[in-house]
Amino acid sequence: MTSPLSPRETQVLELAAIGLTNKQAAKVLSISVETVKDFHKMAKAKLMASSVTHAVAICMRKKWIKP
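All figures in this text were calculated on a predicted structure; none of them were measured in a lab.

## Topic: the packing of helix α1 (residues 7–17) against helix α2 (residues 22–29)
Phase 1 of the analysis: Close contact between α1 and α2 brings their axes to 10 Å; oriented N to C, the two are set at 130 degrees. When the axes of α1 and α2 are compared, the pair comes out oblique. Crossing angle aside, the handedness with which α1 passes α2 is right-handed. Of α2, the residues touching α1 (which contributes Arg8, Gln11, Val12 and Leu15) are Ala25, Val28 and Leu29.
Phase 2 of the analysis: Residue composition of the contact of α1 with α2, grouped by class: 5 nonpolar, 1 polar and 1 charged.

## Considering unusual backbone geometry
Phase 1 of the analysis: Phi at Met48 takes a positive value of approximately 55 degrees, unusual for a residue other than glycine.
Phase 2 of the analysis: Here Met48 lies in the loop between α3 (33–47) and α4 (52–61).
Phase 3 of the analysis: A relative accessible area of 73% means that Met48 is categorised as exposed.
Phase 4 of the analysis: The backbone of Lys63 shows a phi angle near 65 degrees, a positive value even though the residue is not glycine.
Phase 5 of the analysis: Inspection of the secondary structure assignment puts Lys63 in the segment after α4.
Phase 6 of the analysis: Of the residues examined, Lys63 reaches a relative accessible area of 70% and is grouped as exposed.

## So, α4
Phase 1 of the analysis: For α4, the complete set of buried residues consists of Ala55, Val56, Ile58 and Cys59. With its buried residues spanning 160 degrees around the axis, α4 presents them on a single face. Those residues of α4 that are exposed and aimed more than 90 degrees away from the buried face are Thr53 and Arg61.
Phase 2 of the analysis: Residues of α4 that are buried sit in contact with α1 and α3.
Phase 3 of the analysis: Backbone geometry just downstream of α4 places Lys63 in the positive-phi region, at approximately 65 degrees.

Calculation notes
- Residues numbered from 1 in each chain as written.
- Predicted model: local features only at pLDDT ≥ 70, side-chain atom pairs only at ≥ 80, totals over all residues.
- Heavy atoms only, no water.
- Axes fitted to C-alpha atoms, helices over the stretch in contact; angles between N-to-C directions.
- Helix = DSSP H or I, 4+ residues; strand = E, 2+ residues; numbered from the N terminus.
- Parallel < 35°, antiparallel > 145°, perpendicular 65-115°, else oblique.
- Left-handed = near helix turned anticlockwise from the far one by under 90°.
- Contact = heavy atoms within 4.5 Å.
- Nonpolar A, V, L, I, M, F, W, Y, C, P; charged D, E, K, R; others polar.
- Buried < 20%, exposed > 50% of the residue type's maximum accessible area, 1.4 Å probe, protein only.
- Arc of directions from axis to C-beta.

What follows is the structure in C-alpha cells.
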C-alpha cells in the first residue's frame with residue numbers, strides 16, 4: 001500500500017520521528033511553525049491518528065518513514 005501522505009507531510013513526520021521540535025522542523029524546511037503544525041494536522045487526519053506520535057508510529061509500521 002502506498003502512503004496517502006504528501007511528500008511534505010512525510011518530511012515533517014520524519015523530522016518529528018527523529019525528535020525535532022516544530023520550531024526546529026520549521027527551520028530545517030524553511031517554513032513557519034504554523035505550517036509545520038498544519039502538515040501535522042493534515043497527516044493525522046489522513047491517517048486517523050490521535051497525535052503526531054501516533055502518526056509517526058503508523059508510518060513506521062507501514063514503512064513509509066524510516067526509524
